[in-house]
Amino acid sequence: MISRVADHCFWFGRYVERAESTARMLSATANLALDAELPPAHVWRPVIVVSGEESEFLARVAEGADDHPAWGDGELVQRFMVWDEQNGVSLARSIIGARWNARSIREVLSLEVWEATNELHLWMRSNEAQQVYGRERDAFYAHVRRSTQLTLGLLRSTMLHDEALNFVWLGVLLERVNQTARMLDVHHHAFTHLPDLNEIIEIAVWVTLLRALSGSEAYMKRAPGRVASETVARFLISERAFPRSIAYCVHAAYERLKDLRPPDAHDLPGGQSLERLRVLDTWVEARIKEPLTGASVHELLTHVVDEVHAICGTLGTELLA
Amino acid sequence: MVQRQSQSQIQVTPGRLFENYPALDGTFDEMFEFGGPRPPFARVAQLIDKIGKDELAKFQALAESSLLQRGVTFSVYSDSRGTEKIFPFCLLPRLIAAGDWVKLERGLQQRLRALGLFLDDIYGEQKIVAAGVLPGEMLQGASAYMPMLRGLKPPGGVRTHISGIDLIRDPSGTWRVLEDNLRTPSGVSYVMENRQLSKRMFPRVFDAARVHRVDHYPTRLVETLRSVSPVTGGDTHAVVLTPGPYNSAYFEHTFLARTMGLELVQAPDLFVDQDKVFCRTTRGPRRVDVIYRRTDETFLDPDVFRPDSVLGVRGLMRAYAAGNVALANAPGNGVADDKAIYPFVHDMIRYYLGEEPLLEQVKTYVCLRDDDRRYVLEHLGEMVVKAVDEAGGYGMLMGPQSTAEQRDEFRRRITAEPRRYIAQHRVELSSCPTWIGDKGRVEPRRVDLRPYILTSREGPWVLPGGLTRVALVEGSYVVNSSQGGGSKDTWVLKETA
């Protein structure tokens, strides 16, 4: 497949996944804010931190002040994360990005995938979207989530399961590892350091994180009724059967890349990326057998985020340029 | 049914579509003649009439939102936010009778055969000039002629793989060729998209009308491309070359690539090594044999056409000259659709084929000729003046609607560069019933027709119908989409049993 096309496929997958996870995170956080009995900044600031746009928010919304009330203002944080097109990871930008990449490879995507993507793009620009956002916030996030989930489902059910889909899915999975790792890291850090968290609030906070990752029901099936930071972290890192866990995503990404570039195809480009992803997969595998402490969770997640970043870079030079 | 309905056989019911249809004087209407619908269309016209105004308004709105949802759009300007518009579309179809179509089809095939032979000749021995049929000065002044291509035989011997011939109808109903498009004619995707909409919105009328299908075009196109491949056997790798998503016809490029199952490439995806063309893929270089190029030929290869250009594929023309890659359409075709060469096409048909031309043309004044130029300058206010090498309605003077300043400007231009201009009397283009949303009624608007012809090794094939373009602005004669034009589905009716 043409390298430029592969690049669009990869980024299409990343943007669609990013839009979905942003909508999910915002909806779960808004839900938590209602009855968390936490200082608002403790609820909303992590959203900005996870997105990696702290300095942008500080400069443009919080007027340069670290203790500005904007950090705890749910409306401001949501507007920044949904509509602000200067924010590179806002929902609006992710949807524009997904649609732009899709339009650049319209001949590669199935008509259904294209239409689902285009419809979401048009909806975001409609008055209806503004009205739903103002009137019924959760329905707004639900619409975005359903549209992106539809796109992800149609990719599998209407397209050839060959190179193009592998590149899209590689983008989806690497984006997902990133989202899970960042969300877990930020929450883990923020909430294990709160001094006097009562048990009920602690449970609420961790359930919110699980919900934001579509994992609360799956988690309960694995660890009925036991919600604590250590078990939640372990679940999100190492549960192989959960499609958003670090272990699952890294391994699945490795399998996709192996399909695209078999380990013994030494004459094909992509060898470095494959090797690096294999090493990461083995590393995660080995680490999850060891006990997890607060410090080791942070160190593990940082390593994963850094490696995924590096692998995306190598993919860019080896296969997508 | 129509206002002048003394002989109408159709009951007029208020709310029906064609109630009080105000036919234009001195204009041939495609659907109605004095008193009622034209006989071959009587049944279909009655069915359409019954749809009624309210229903049609609803269908029209549905059709437009469907085009937007499906992204059947053209880019308005370079903007990554994706500002795009739909190509205006009128649901009321343009009908063509079976008998008319048979004649048009033959005429178009004849024209394409002659134009193909002309191109072979003009890039070869130039016998037509030696024989005195085409004045040498006409050829020398043709800016689209590419001397460096002389003596070069294209792979498969075909040059005009895809062409679009613009036809109009004068007040007597005679079909006339207005211009030939032999470079990269666009619009065929709208023929297929418009047909989808007709079928969805008017399934019963469509079924009853018995219309020739159009959706096999992509299959015929890919066969045409394969037929000229330099490699034999089934291993041909054909691609569609697009300038990219900012191009106004990008939707069509993706449509064709998708429906043909070919890869859509941009120039930076291609490179040439030892006179062979390759594509950069995730598995290394892959050989390319046929390129359906939707890029302007002057941007094909910076080595040959524009040394200053960073666009294009360096060395592509060498690969083409070596016979290692087929280009559709062949570079250099512009000389045959030069508007000052057009007046000589009838002579070409007689000279190369020994046949009488089957399709009429429009009387054309070539400003390079002294007599013609004098006449044109004296009658500027009545004429349509066109630059020979421009398209899309640009570089044009519509005499009857022009201002004194515009006429002075064209007088200067014609005097300075006579070879660049031709002129014609304005033809009263035929009209077609068209839904005018603002007024909530059907009114006549002027139309033309662009049929698409595919030429393979076996000769020309004509897609039944083509793109009907309609000047949506009241009183306008300009059908180009860049200037307020829209399109209609074109129904070529089958012979009634």
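Residues numbered from 1 in each chain as written. Chains lettered and ligands numbered in written order. Predicted model: local features only at pLDDT ≥ 70, side-chain atom pairs only at ≥ 80, totals over all residues. Heavy atoms only, no water.

Caption draft 1: Layout of the overall build of chain B. When its secondary structure is counted, chain B shows 13 helices and 25 strands. Relative to the compact-globule value of 23 Å for 497 residues, chain B shows a C-alpha radius of gyration of 23 Å, a close match. In terms of overall dimensions, chain B has C-alpha extents of about 70 × 60 × 50 Å along its principal axes. Put simply, chain B has 497 residues, and 58% of those count as buried. A separation of at least 24 residues holds for 68% of the contacts in chain B among residues at least 6 apart in sequence. Carbon and sulfur atoms form 48% of the exposed surface of chain B, whose accessible area is close to 20,000 Å². One way to put it: in chain B the 64 positive side-chain charges average out to a point 3 Å from where the 62 negative ones average out. (Helix = DSSP H or I, 4+ residues; strand = E, 2+ residues; numbered from the N terminus. Rg over C-alpha atoms; globule rule 2.2 N^0.38 Å. Buried < 20%, exposed > 50% of the residue type's maximum accessible area, 1.4 Å probe, protein only. Contact = heavy atoms within 4.5 Å. Areas by Shrake-Rupley, 256 points an atom, 1.4 Å probe, with all protein chains shown as cover. Lys, Arg positive; Asp, Glu negative; His and termini not counted. Charge placed at Lys NZ, Arg CZ, Asp CG, Glu CD.)

Caption draft 2: View of the interface of chain A and chain B. If you look at the interface, chain A gives 32 residues, while chain B gives 29 residues. Of all residues in chain A, A:Ile2, A:Arg103 and A:Glu107 bury the most surface against chain B, accounting for 26% of the area lost on that side. On inspection of chain A and its partner chain B, the count reaches two salt bridges. Among the elements of the structure, helix 1 (3-35), helix 5 (91-104), helix 6 (111-124), helix 9 (163-192) and helix 13 (246-260) of chain A are those that each provide at least two residues to the side of chain A that touches chain B. Ranked by residue count, the leading element in the side of chain A that touches chain B is helix 6 of chain A, at seven residues. Among the residues making up the side of chain A that touches chain B, the classes are represented as 17 nonpolar, four polar and 11 charged. (Buried area = accessible area lost by both parts, 1.4 Å probe. Salt bridge = Lys/Arg side-chain N within 4 Å of Asp/Glu carboxyl O. Nonpolar A, V, L, I, M, F, W, Y, C, P; charged D, E, K, R; others polar.)

Caption draft 3: Local environment of the sheet that holds strand 13 (residues 290-293) of chain B. All names here are of chain B. The four strands are arranged 9-8-13-14 in an open sheet whose pairing can be described as parallel. Strand pairing shows two members of the sheet lacking a second neighbour, strand 9 (263-265) and strand 14 (326-328), which therefore form its edges. The mean inter-strand angle of the sheet, taken between neighbouring strand axes irrespective of direction, is 30°. Here four bridges tie strand 8 (residues 238-241) to strand 13, and the two strands are oriented parallel to one another. (Pairing = 2+ DSSP bridges. Axes fitted to C-alpha atoms, helices over the stretch in contact; angles between N-to-C directions.)

Caption draft 4: Local environment of helix 4 (residues 74-82) of chain A. Every buried residue of helix 4 of chain A is listed here: A:Gly74, A:Val77, A:Gln78, A:Phe80, A:Met81 and A:Val82. For helix 4 of chain A, the N-terminal cap is A:Asp73; the gap from its side-chain oxygen to the backbone nitrogen of A:Glu75 is 3.0 Å. (Polar contact = N/O pair within 3.5 Å; in protein donor to acceptor, adjacent residues only side chain to side chain.)

Caption draft 5: Inspection of the sheet that holds strand 11 (residues 276-281) of chain B at higher detail. Residues and elements named next belong to chain B. Read across the sheet, three strands follow the order 10-11-12 without closing on themselves; strand pairing throughout is antiparallel. Each having just a single partner strand, strand 10 (270-273) and strand 12 (284-287) make up the two edges of the open sheet. Across this sheet, the average inter-strand angle for adjacent strands is 45°, counted without regard to direction. Bridge count for strand 11 against strand 12 is four bridges, and the pairing is antiparallel. Note on strand 12: the bridge partner recorded for Cys279 is Arg286.

Caption draft 6: Here's a closer look at the pairing of strand 5 (residues 89-96) of chain B. Residue and element names in this part refer to chain B. Burial of strand 5 is extensive: eight of the eight residues sit out of reach of the surface. Where burial is concerned, the two faces of strand 5 agree: the one with Phe89, Leu91, Pro93 and Leu95 and the one with Cys90, Leu92, Arg94 and Ile96 are both buried. Here strand 5 pairs with strand 25 (residues 485-492) via five bridges, running parallel. Counterpart to Cys90 in the pairing with strand 25 is Lys488.

Caption draft 7: Spatial organisation of the packing of helix 1 of chain A against helix 2 (residues 40-51) of chain A. All names here are of chain A. Where helix 1 meets helix 2, the closest approach of the two axes is 9 Å, and the angle between their N-to-C directions is 165°. As summarised for this structure, helix 1 and helix 2 are arranged roughly antiparallel, according to the angle between their axes. Considering the relative orientation of helix 1 and helix 2, their crossing is right-handed. For the pair helix 1 and helix 2, the contacting residues are Met25, Leu26, Thr29, Ala30, Leu32 and Ala33 in the first and Val43, Trp44, Val47 and Val50 in the second. (Parallel < 35°, antiparallel > 145°, perpendicular 65-115°, else oblique. Left-handed = near helix turned anticlockwise from the far one by under 90°.)

Caption draft 8: Region of the structure containing the confidence of the model for chain B. Residue and element names in this part refer to chain B. In the predicted model, chain B carries a mean pLDDT of 90, and 95% of its residues have values of at least 70. Scored below 50 in pLDDT, residues 3-11 makes 21 contacts in the model with residues more than four places away or belonging to other chains. The ipTM value of the predicted complex is 0.79, and its pTM value is 0.87. (pLDDT = per-residue confidence, 0-100.)

Caption draft 9: Highlighting the environment of B:Met146. All names here are of chain B. Structurally, Met146 can be placed in the loop between helix 5 (136-140) and strand 6 (162-169). Put simply, Met146 and Gly334 are 188 residues apart on the chain and 8.9 Å apart in space, counted from C-alpha to C-alpha. With residues near it in sequence (within four places) discarded, Met146 still touches Tyr123, Glu297, Phe305 and Gly332.

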